[in-house]
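Next come the chains, spelled out residue by residue.
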Amino acid sequence: MSDTELAFVRSEEIPPAPPPASEAGAVKWMRENLFAGWFNTLLTILAIYIIGRFVVFAFPWFWNGVWDAGSIKECRDILSAAGKTTGACFAVLVDRWDHLLFGFKYPAEGYWRPTLAFIMLIFAAAPALFAQYVPRKFLIFTGLYPFIAFWLVWGGSLWVPLCILAAILATAYIFRVVENLDVGARGVLAGIVGAAAGLGLAFLLFQGATELWFISNSVGAGGALGTLASLLFKAASIFMFVFFIPMGIFVGYAIYNDAEDGGLVTVVTALFAIYVMLAYLLSPVSGALNAIIPIELQAVPSRDMGGYMLCLILGTVCVSLSIPLGIVLALGRQSNMPLIKGVCVVFIEFVRGVPLITLLFVANVMLAYFMPPQSNFDLILRVIIMITMFSAAYIAEVIRGGLAALPKGQYEAADSLGLNYTQSIRLIILPQALKISIPGIVNVAVGLFKDTTLVSVISMFDIVGMIRGPIQQSTDWISIYWEVYLFAAMVFFVVCYSISQYSQWLERQLATDHK
Amino acid sequence: MAEQAIQMQVSDEIAITISKMNKWYGAFHVLRDIDLTVNRGERIVICGPSGSGKSTLIRCINALEEHQQGSIEVDGTLLSSDLKNIDKIRSEVGMCFQHFNLFPHLTILENCTLAPIWVRKTPKKEAEETAMHFLEKVKIPEQADKYPGQLSGGQQQRVAIARSLCMRPRIMLFDEPTSALDPEMIAEVLDTMIELAEEGMTMLCVTHEMGFARKVANRVIFMDAGQIVEQNEPESFFSNPQSPRTQLFLSQILGH
Ligand SMILES: Nc1ncnc2c1ncn2[C@@H]1O[C@H](COP(=O)(O)OP(=O)(O)OP(=O)(O)O)[C@@H](O)[C@H]1O
Ligand SMILES: [Mg+2]
């Protein structure tokens with residue numbers, strides 16, 4: 001061993017060997033995970049003790065549960081007759097099952113309608129949620145579902161949702177037609193639409209200003225704060241009065257000016273068309289059709305919706321509306337155009353800075369103030385608008401994070417290939433940004449779904465409202481507590497846990513970056 | 001690489017005209033009085049110290065950066081703020097980036113067919129055939145169904161070149177296409193670019209690969225502090241640089 005060999009040549013290949021079998025075994029696992037060191041062991045024993053205490057306490061309560069009783073008193077009698085010291089009165093769930101699910105005003109003979117709508121929801125959601133496994137053509141059902149569900153839950157004439165659907169399709173058609181008009185025709189159209197939109201805006205401003213003036217007089221009476229508010233309202237209305245004609249002219253001119261390029265003209269024309277159709281044609285046309293071929297379900301007013309159904313309605317509608325709105329807001333916030341950017345920033349910051357409860361109160365009380373007196377703006381619709389705005393602001397911020405996480409090179413590559421703004425956003429930016437944003441969006445969606453129970457504070461009878469009001473305050477089930485809230489917690493947990501599981505699955509499906 | 005320079009016919013037709021172009025980042029004057037005319041079929045290599053404005057210059061040509069003064073005309077279309085013109089120019093001018101910028105959520109094939117389908121409105125099948133043709137050309141047809149994250153750097157850059165070529169551009173811009181790559185991968189990307197040059201593509205290439213410049217370029221441009229300091233055919237440029245700044249730069253990069 002005098003001198004070390006530096007040169008070395010491998011004479012034979014080392015054959016590949018299978019990886020070593022991981023040394024498994026329950027004992028080894030336990031030693032490593034539960035009893036590694038005295039501190040770990042102590043924690044394990046403590047945890048076992050706490051779990052044990054809980055089980056010893058809760059299990060008899062569950063096990064002795066009474067499922068068949070007409071009131072809390074009857075239930076307690078049954079328990080004491082059997083000599084049990086503890087026991088749950090699950091009978092309340094049986095007794096008030098319908099109320100918990102549908103509220104106490106929904107007509108009992110119509111329970112099948114929301115139930116059917118719920119089952120159909122599963123089928124409608126599948127093509128959108130599991131796009132890889134469900135053929136694309138089923139998306140048509142997803143598109144039709146809102147109209148079907150609306151009709152099933154609210155009832156009334158089938159012609160109303162059909163006419164709304166027709167109006168939307170007609171608007172899409174108009175959009176296409178205007179998009180493909182030649183410049184001359186579009187110029188004429190832009191003139192007409194611009195004039196109409198300008199007039200319309202001027203008129204709206206005028207109306208709004210008058211309304212504000214009127215409000216300023218009515219709030220003026222209440223002390224210093226009232227005077228301040230009144231002054232603010234007065235200032236706002238004077239501002240609007242001064243600007244209503246110039247703004248109208250400006251908007252009209254801007255639309256006319258855009259005729260060459262056409263984007264704005266197309267959008268405004270389409271919006272105009274759908275507004276006219278919904279505001280002026282919907283009720284006469286659907287009424288006339290219904291007179292010829294009546295297809296009706298018993299109409300249920302929004303006030304009568306309640307129970308878990310109300311939470312599900314608010315949850316699904318608001319989530320599915322606030323994601324697109326959030327995307328638009330997030331993109332708007334990134335926009336180079338100062339006006340659009342400003343509007344989005346103000347909206348997001350304002351809505352995020354206000355508690356949801358305040359917004360709900362606004363929906364309940366204030367919106368009615370601002371609406372023309374005769375208009376009867378549906379309460380659920382108002383609540384939906386508020387919750388959607390609220391969660392859209394949060395989702396917008398989540399998506400903005402996703403957008404910011406994309407390297408600038410992605411935008412540049414899309415640009416350098418000649419993709420226009422819409423294409424690069426739709427094909428390159430959003431798919432990646434949304435993928436990054438999934439956990440955040442799901443977080444907001446789950447939070448939103450649970451927040452739907454807040455509507456109980458504006459005296460809507462969602463599942464929590466039902467429990468706090470009609471159930472806990474009834475003579476039969478007075479001050480029943482654990483059983484009902486446990487039930488509410490459970491139904492929310494089922495949905496929220498499913499959403500979370502789905503999102504994790506989706507993230508795995510979309511993982512293509514192999515980091 | 002063989003030291004034999006490519007002999008290509010440069011036509012009289014003008015591909016790019018840049019005149020009196022100035023650009024500022026805020027108060028910082030990045031590009032100063034740039035005058036440059038590129039004929040069709042020319043292969044131009046741009047070099048210069050870091051921060052001299054090379055990237056900015058070629059990014060101005062396809063309007064990734066906006067210039068404030070002077071004019072740029074590409075294929076007879078004047079670059080202005082008109083979006084239609086910009087989109088037209090971008091679909092005629094291909095670009096490769098230092099960091100490839102492939103779309104990680106799309107397969108290689110989808111990366112290559114995206115722009116033809118959406119910008120050129122090519123039918124999907126035809127676009128896929130074209131894409132496979134160019135992927136074969138850059139020698140990685142077998143990777144078509146993989147995602148960019150599964151490829152090596154050199155392969156990714158070749159895909160990026162193929163992706164640009166699928167738009168059938170008349171001009172290609174390269175911004176340090178090899179500087180993020182390992183030596184072995186540099187060779188495979190340069191080979192692809194040489195092949196492209198041999199087919200007569202008009203190329204503007206920011207690179208410090210001087211071997212490539214000697215072999216492929218018919219003109220080398222040296223930039224410093226936002227100005228074109230010197231331009232010449234490669235042989236004279238390397239053997240007989242005129243300006244002291246060029247001499248310094250060349251001695252630094254060829255010195256070791
Ligand atoms: N977005 C920007 N905002 C402000 N200054 C910038 C921006 N991009 C580049 N610059 C500056 O402009 C100058 C030129 O940058 P450029 O990227 O064109 O240099 P380069 O010659 O490509 O350098 P390198 O060889 O390092 O890539 C640099 O000084 C840089 O700091
Ligand atoms: Mg650079």
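Definitions and cut-offs
Going along each chain's sequence as written, the residues are numbered from 1 onward. Whichever chain is written first becomes A and whichever ligand is written first becomes 1, with later ones labelled in order. Local features in a predicted model are, by the rule used here, given only for residues with pLDDT of at least 70; side-chain atom pairs are given and counted only at 80 or more, and totals for whole chains, interfaces and linings are based on all residues. Heavy atoms throughout the structure, all of them, feed into the side-chain values; hydrogens and water do not. The contact definition used throughout considers only heavy atoms, calling two residues in contact when any of these lie within 4.5 Å. Here's the idea: put two parts together, see how much 1.4 Å probe accessible area each one loses, and the total over both is what we call buried area. Whenever a carboxyl oxygen of Asp or Glu lies within 4 Å of a side-chain nitrogen of Lys or Arg, that contact is scored as a salt bridge. For every residue, the accessible area (1.4 Å probe, protein chains only) is compared with the maximum for its type, and the residue is labelled buried under 20%, exposed over 50%, or partly exposed between those bounds. In this description a helix means any DSSP run of H or I spanning at least four residues, a strand means any run of E spanning at least two, and both kinds are numbered starting from the N terminus. DSSP calls a pair of strands paired once it identifies at least 2 bridges connecting them. Here an angle of 0 to 180 degrees is reported between the N-to-C directions of two axes, which are lines fitted to C-alpha atoms, with helices fitted over the stretch in contact. We call Phe, Tyr and Trp rings a pair once their centres come within 6.5 Å, taking the six-membered ring for Trp, and we label the pair stacked below 30 degrees between planes, edge-to-face above 60, and tilted otherwise. In this document the domain limits rely on a domain assignment from an automatic tool or a database. Pairing of N or O atoms within 3.5 Å defines a polar contact, subject to two protein rules: one partner must be a possible hydrogen donor and the other a possible acceptor, and residues neighboring in sequence count only if both atoms are side-chain atoms. Buried Ala, Val, Leu, Ile, Met, Phe, Trp, Tyr and Cys residues form a nonpolar core when they are joined through side-chain atoms within 4.5 Å. By disulfide we mean two sulfur atoms from cysteines, separated by a distance within 2.5 Å. Angles below 35 degrees are treated as roughly parallel, those above 145 as roughly antiparallel, those between 65 and 115 as roughly perpendicular, and all remaining angles as oblique. Two helices cross in a left-handed way if the nearer one is turned anticlockwise from the farther one by less than a right angle. They cross in a right-handed way if the turn is clockwise. Any residue outside Ala, Val, Leu, Ile, Met, Phe, Trp, Tyr, Cys, Pro, Asp, Glu, Lys and Arg is labelled polar, Gly included; the first ten of those are nonpolar and the last four are charged. Patch membership requires more than 30% relative accessible area and the absence of a salt bridge. Residues of like charge join within 9 Å; the nonpolar side chains Val, Leu, Ile, Met, Phe, Trp and Tyr join within 5 Å. For every accessible area listed, the method is Shrake-Rupley and the probe measures 1.4 Å; residues are considered covered only by the protein chains on display.

Caption draft 1: Representation of the interface of chain B and chain A within the structure. Chain B puts 25 residues into the contact, and the matching count from chain A is 22 residues. Overall, the association of chain B and chain A removes approximately 2,000 Å² of surface from exposure, summing both partners, and the carbon and sulfur fraction of that is 60%. When the area that chain B buries against chain A is broken down by residue, the three leading residues are Phe103, His105 and Trp118 of chain B, summing to 27%. For the salt bridge of Arg59 of chain B with Glu412 of chain A, the shortest nitrogen-to-oxygen distance reads 2.7 Å.

Caption draft 2: Local environment of helix H2 (residues 83-92) of chain B. Where H2 of chain B is concerned, the buried positions are Ile86, Ile89, Arg90 and Ser91 of chain B. Of the surrounding secondary structure, the elements contacted by the buried residues of H2 of chain B are helix H16 (408-416) of chain A together with helix H1 (54-61), strand S4 (69-74), strand S5 (77-78) and strand S6 (93-96) of chain B.

Caption draft 3: Broad picture of the sheet that holds strand S2 (residues 28-39) of chain B. All names here are of chain B. Reading across the sheet, the four strands line up as S2-S1-S4-S5 and stay open at both edges, with antiparallel pairing between neighbours. The open sheet terminates on both sides in strands that have one partner only, identified here as S2 and S5. Note: strand S1 (residues 14-25) against S4, five bridges, orientation antiparallel. Each bridged residue has a counterpart across the sheet, and for Ile16 the counterpart in S4 is Val74. Lying on the sheet, H1 is in contact with S1, S2 and S4; it crosses S1 at an angle near 125°.

Caption draft 4: Region of the structure containing unusual backbone geometry. Residues and elements named next belong to chain B. The backbone of Asp75 sits at a positive phi, close to 55°, despite the residue not being glycine. Assignment of secondary structure puts Asp75 in the loop between S4 and S5. In this structure Asp75 comes out as partly exposed when scored by relative accessible area, which is 23%. Non-glycine residue Lys121 carries a positive phi angle of around 60°. Mapped onto the fold, Lys121 is located in the loop between helix H3 (108-118) and helix H4 (124-137).

Caption draft 5: Broad picture of the packing of aromatic side chains. Residue and element names in this part refer to chain A. For the structure on display, the rule yields 29 aromatic pairs over all chains. Ring geometry for Tyr308 versus Phe492: centroids 5.4 Å apart, planes at 80°, classification edge-to-face. Here Phe492 lies in helix H19 (residues 482-510) and Tyr308 lies in helix H12 (residues 307-333), a separation of 184 residues in the sequence. Residue Tyr308 shares its accessibility class with Phe492, and that shared class is buried. A ring pair is formed by Phe449 and Phe492, whose centres lie 5.1 Å apart and whose planes are at 50°; its orientation type is tilted.

Caption draft 6: Representation of the domain arrangement of chain A in the model. Residues and elements named next belong to chain A. Taken domain by domain, chain A consists of domain 1 (31-63), domain 2 (65-94), domain 3 (96-155 + 304-515) and domain 4 (158-297). Distance between the C-alpha centres of domain 3 and domain 4: 26 Å. For the pair domain 3 and domain 4, the two sides together bury roughly 1,100 Å², of which 82% comes from carbon and sulfur. Applying the counting criterion to the domain 3 and domain 4 interface returns zero salt bridges. At the junction of domain 3 and domain 4, the tally comes to zero residue pairs in polar contact (both at pLDDT 80 or more). Every element with two or more residues in the side of domain 3 that touches domain 4 is listed here: helix H6 (112-129), helix H7 (139-154) and helix H14 (356-370). Per-element tally for the side of domain 3 that touches domain 4: the top contributor is H7, with five residues.

Caption draft 7: Just the nonpolar core, in detail. Core analysis: the largest hydrophobic core is formed by 133 residues, its most contacted members being Met305 and Ile463 of chain A together with Leu204 of chain B. Here this core spans two domains, since at least three of its residues come from each of domain 2 (65-94) and domain 3 (96-155 + 304-515) of chain A. Ile463 of chain A has contacts with Leu100, Gly307, Tyr308, Cys311, Phe487, Ala488, Val491 and Phe492 of chain A, leaving out every residue within four places of it along the chain. Ala131, Cys205, Val216 and Phe238 of chain B belong to the second-largest nonpolar core, a separate cluster that totals 45 residues.

Caption draft 8: Here's a closer look at the state of the cysteines. Under the criterion given, the structure shown has one disulfide over all chains. Between Cys311 of chain A, a free cysteine, and Cys496 of chain A, which holds the nearest cysteine sulfur, the sulfur-to-sulfur gap is 10 Å. Judged by its relative accessible area of 0%, Cys311 of chain A is buried. Free cysteine Cys112 of chain B: the closest other cysteine sulfur is in Cys166 of chain B, separated by 4.6 Å. The exposure class of Cys112 of chain B is buried, given its relative accessible area of 1%.

Caption draft 9: The arrangement of the packing of H6 of chain A against H7 of chain A in detail. Residue and element names in this part refer to chain A. The contact between H6 and H7 brings their axes to 9 Å, and the two run at 165°. The pairing of H6 with H7 is recorded here as roughly antiparallel in orientation. With respect to the hand of their crossing, H6 and H7 are arranged in left-handed fashion. From H6, Trp112, Arg113, Pro114, Leu116, Ala117, Phe118, Met120, Leu121, Phe123, Ala124, Pro127 and Ala128 reach across to H7, where they touch Leu139, Phe141, Thr142, Tyr145, Ile148, Ala149, Trp151, Leu152, Val153 and Trp154. Looking at the contact of H6 with H7 residue by residue, the classes come out as 20 nonpolar, one polar and one charged.

Caption draft 10: Here's a closer look at the pairing of S2 of chain B. All names here are of chain B. One ladder, built from eight bridges, connects S1 with S2; its direction is antiparallel. If you follow Met21 over to S2, its bridge partner there is Ile34. Taking the residues between adjacent antiparallel strands as the criterion, S1 and S2 are bridged by two residues, where Gly26 takes a positive phi near 60°.

Caption draft 11: Region of the structure containing a nonpolar patch on the surface. Taken together, the side chains of Trp38, Phe39, Leu42, Leu43, Leu46, Tyr49 and Ile50 of chain A present a nonpolar region at the surface, about 840 Å² in accessible area. Checked against the element boundaries, Leu46 of chain A lands in helix H2 (residues 37-63).

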